[in-house]
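Examining the three-dimensional arrangement
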Amino acid sequence: MRVFLSSLPAAVLLATVGLMSSGGTASSEEPADVRLQGAGASFPFPIYSKWFKVYSDAHQNVEIDYQSVGSGAGVENFIDNTVDFGASDKAMTPDEIARVKGGAQLLPLTAGNIVLTYNLPGVKELKLSREAYAGIFLGKVKTWNDPAIAKTNDGVKLPDSAINVVVRADGSGTSFVFTQHLSAISKEFAKSPGTNDMPAWPVGTRSKGNEGVTASIQTTPGSIGYVEFAYAMTQKMPMAQLENKSGAFVAPSTASGQAAIASATLAENLIGWAPDPPAKEAYPIATFTWLLSYKKNADPKKAEVLRDVLIYCLTDGQKESEALGYLPLPEAVAAKVKAAVQNVQ
Amino acid sequence: MPVDIQISQPPSRVQTLTNTLFRAFCYGFAWLTLAIGLFIVLKIVIAALPAIQQYGFGFLTGQVWDPHKNIYSILPEIWGTLYSSVFALILGTAFGLAAAIFLAEGFVADAVFALLRTVKLQSHPVWGKLPRQVDDLFLNLIELLAAIPSVVYGLWGLFVVIPLVRPACNWLHAQLGWIPLFGTDLSGPGMLPAVIVLSIMILPTITAVARGALVAVPSKLRMAAYGLGATRWETILAVTAPSASRGILGGVVLAFGRALGETMALAMLLGNQNTISISLFSPANTLAALLANAFPEAGPKDVGRLMYAATALLVITLVVNAAGAFIIQSTSVDQEGEKS
């Protein structure tokens, strides 16, 4: 007890020193001339914060704040004009776009795979057919040695135990994209629970956030759930190979994800989905995530800086993607988005 | 030199002014506290009004929350909130009260004292203080439990409690599955781990308040009981604890309030599944967890529904606290009757 108490002030002191020193470096810089404030999706937060940090390190007069408050809140803040830019995994609905004063320019800046990760001791490789994984999330396929799973996994010793499904409890773009895909491949899923960011899952325990789902799967043998690629990658968790539209089993990777998003046809407003990519080498569940910017900004200087930041993200920034578990945009898409950046005035 | 120097003098203008100002401040802040509370309630209810009008009472009695079908209701969350809180309260009160008696009656100190006596150190200037210090240490340790952030409890539950209790739970389910309490198996998150963690979270409240009440019992009551030939346990159970019952109940009500509103740890451990089950191993959901999970992505229409849910939680908390206050009031009258 005494040891604990006496070490407390020391810890507080250390923390204070740390704060002071980090504050000190900030104040030694030149005062920021332009301060951009953004808020929105949590999915691209790691890569956005990396980009914005690299950019403001290189440009001493620019400071960029990004808060990962969730796609829904990001869109709301963007419509209410309380931020300089927003971010959303669900893009925006036409209604929402109509409510933006000054017009909205949506820009897909990066993309990612959504993977099925599982905890089955001894099973290194798992191939799931469309029937199998749709069935699992509908609560139809209940045990690991169900014929639907066993059929595609010759030689794999599947346990005779219940499948513990783990889904997201909180509203999230990840759930939206995942249920969009399941609705595309299963009529039954489309009917209920359907595409939603917080669907009424017929099965499974629900955990909060990607990190919650990851933790639940790690601590529960026999479980399976969906998370963003980056989370499974950093935790070195096994990821299932999924059957795509053309019947091939594809593991999530940069190449297979890029093949998937390449099939998304971007509309005039740069919104586009790949709910069920047809290409043979495409991993079936991948999506863009959008940065929301105003076509007409009140402060031309801010608009100019934002354009510069966006161009950086679309060129040099893309090289950071892979290491962080994101998909670099295909060249054609990047070129299209770069052209659209000029609409931000 | 004048002889009649007055020692007392009328308050100076500064003193009067300070006094008036101080009073004004105290009144102001006291009313402000009330006003803020009312303001919060009012704001939540106003935000909930559209949803209350749209969904009516069915919102509280239905069991489905399905955005795709546009059906919203929160009975499973209400059930989960009450069930987890009541169970945690039972567990927490049992342990918390035991700890409070243990600490208030100086059992630890006695044991340390006895130990010191065997090595003849009981009146040593340094060692002699040990019994008291050990007592304080235990009290501090329990109070420290209250300082642990909720999310840390959640993580601990996720990585320690669930794997620890899972085998026992599944064995109970396999052997005694016909008892409704053990009706399902524990796959991962579920009611029991959540209740265990929640009871630890509310334990310090119960212990601290109950210990305070037990210590405050006049020692002459205890002496009288001993004098009548009561043993130590008889004294504790028949005299000390009943005399302190008002304070103990106060602690229990406070703890219940905390359990109802606890969010993060439960959101991590309950499984957030909209099921109503009597089984201790089934996943469940709570109102606070629903709010925490749904708010970040909520659009304008969702906010109304969530505010309705928040209103329900508010009403439950209010009712519980009012009931608690009522119980304390009525038992305290009994006590005073006995004393006279």
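Above: the structure in question.
In this report, we go over the structure that sits alongside the text. These figures come from a predicted structure and were not determined experimentally.

Glancing now at the overall build of chain A. Along chain A, the regular secondary structure elements total 13 helices and 11 strands. Sorting the 345 residues of chain A into buried and exposed places 50% on the buried side. Of all intrachain contacts in chain A linking residues separated by at least 6 positions in sequence, the fraction that spans at least 24 positions is 70%.

Our focus in this paragraph is the overall build of chain B. Within chain B, the regular secondary structure consists of 13 helices and 2 strands. Taking the principal axes of its C-alpha atoms as reference, chain B extends roughly 90 × 65 × 40 Å. A buried classification covers 35% of the 340 residues belonging to chain B. Long-range contacts, defined as pairs at least 24 residues apart, comprise 75% of the intrachain contacts of chain B with a sequence gap of at least 6.

Right, let's talk about the pairing of strand 2 (residues 62-68) of chain A for a bit. Consecutive residues of a regular strand have side chains that alternate between opposite faces of the sheet. Residues and elements named next belong to chain A. A one-sided burial pattern is seen for strand 2, the buried positions being Val62, Ile64, Tyr66 and Ser68 and the unburied ones Glu63, Asp65 and Gln67. As defined by bridge partners, strand 1 (residues 34-40) adjoins strand 2 across 7 bridges and the pair is classed as parallel. Bridge assignment links arginine 35 to a residue of strand 2, and that residue is glutamate 63. Read as a crossover between parallel neighbours, the route from strand 1 over helix 2 (residues 45-58) to strand 2 is right-handed.

Grouped together as the largest cluster of nonpolar side chains are 96 residues, with contacts concentrated most on Leu116 and Leu292 of chain A. With 9 residues, strand 4 (residues 104-119) of chain A is the single largest residue contributor to this core. Listed in part, the 75 residues of the second largest apolar core include Ala88, Ala255, Ala284 and Tyr308 of chain B.

Moving on: the interface of chain A and chain B. Taken together, the contact pairs 28 residues of chain A with 27 residues of chain B. Breaking the side of chain A that touches chain B down by element, the ones donating at least two residues are helix 3 (71-79), strand 7 (205-207) and helix 9 (209-219) of chain A. The element best represented in the side of chain A that touches chain B is helix 9 of chain A, accounting for 4 residues. Here the side of chain A that touches chain B is built from residues that sort into 9 nonpolar, 15 polar and 4 charged.

Take the environment of isoleucine 97 of chain A next. All names here are of chain A. By secondary structure assignment, the location of isoleucine 97 is in helix 4 (residues 94-98). Residue isoleucine 97 is classed as partly exposed on the basis of its 18 C-beta neighbours within 10 Å. Remark: the alpha-carbon pair of isoleucine 97 and asparagine 269, spanning 172 residues in sequence, is separated by 10.0 Å.

A few words on the sheet that holds strand 9 (residues 241-243) of chain A. All names here are of chain A. With respect to topology, 3 strands assemble into an open sheet ordered 5-9-10, the strand pairing being mixed. Both edges of this open sheet fall to strand 5 (127-128) and strand 10 (249-250), since each of them pairs with a single strand only. Where strand 5 meets strand 9, 2 bridges bridge the pair, whose relative direction is parallel. Across the sheet, the residue bridging to lysine 127 is glutamine 241, located in strand 9.

All names here are of chain A. For helix 13 (residues 331-341), the complete set of buried residues consists of Val333, Val337 and Ala340. All buried residues of helix 13 project into a common sector of 55° when viewed along the axis, lining one side. In helix 13, the exposed residues that point more than 90 degrees away from the buried face are Glu331, Ala332, Ala335 and Ala339. Buried-residue contacts for helix 13 involve strand 4 and helix 12 (300-314).

Looking now at the environment of isoleucine 206 of chain B. All names here are of chain B. As for its position among the elements, isoleucine 206 is in helix 7 (residues 191-215). When the 29 C-beta atoms within 10 Å are taken as the criterion, isoleucine 206 is described as buried. For isoleucine 206 and glycine 37, which are 169 residues apart along the polypeptide, the C-alpha to C-alpha distance reads 25 Å.

For the rest of this paragraph, the subject is the sheet that holds strand 6 (residues 164-168) of chain A. Residue and element names in this part refer to chain A. Pairing is mixed across the open sheet formed by 8 strands, whose spatial order is 2-1-3-11-4-8-6-7. The open sheet has two edge strands, strand 2 and strand 7, and neither has a second partner. Pairs of neighbouring strands in the sheet enclose a mean axial angle of 25°, with direction left out of account. Pairing geometry for strand 4 and strand 11 (residues 286-294), over 9 bridges, is antiparallel. Bridge pairing links alanine 104 to tyrosine 294 in strand 11.

Rules of the game
- Residues numbered from 1 in each chain as written.
- Chains lettered and ligands numbered in written order.
- Predicted model: local features only at pLDDT ≥ 70, side-chain atom pairs only at ≥ 80, totals over all residues.
- Helix = DSSP H or I, 4+ residues; strand = E, 2+ residues; numbered from the N terminus.
- Buried ≥ 20, exposed ≤ 12 C-beta atoms within 10 Å, placed from the backbone.
- Contact = placed C-beta atoms within 7 Å.
- Pairing = 2+ DSSP bridges.
- Right-handed = clockwise from strand over helix to strand, strands pointing away.
- Core = buried A, V, L, I, M, F, W, Y, C linked by C-beta atoms within 7 Å.
- Nonpolar A, V, L, I, M, F, W, Y, C, P; charged D, E, K, R; others polar.
- Arc of directions from axis to C-beta.
- Axes fitted to C-alpha atoms, helices over the stretch in contact; angles between N-to-C directions.

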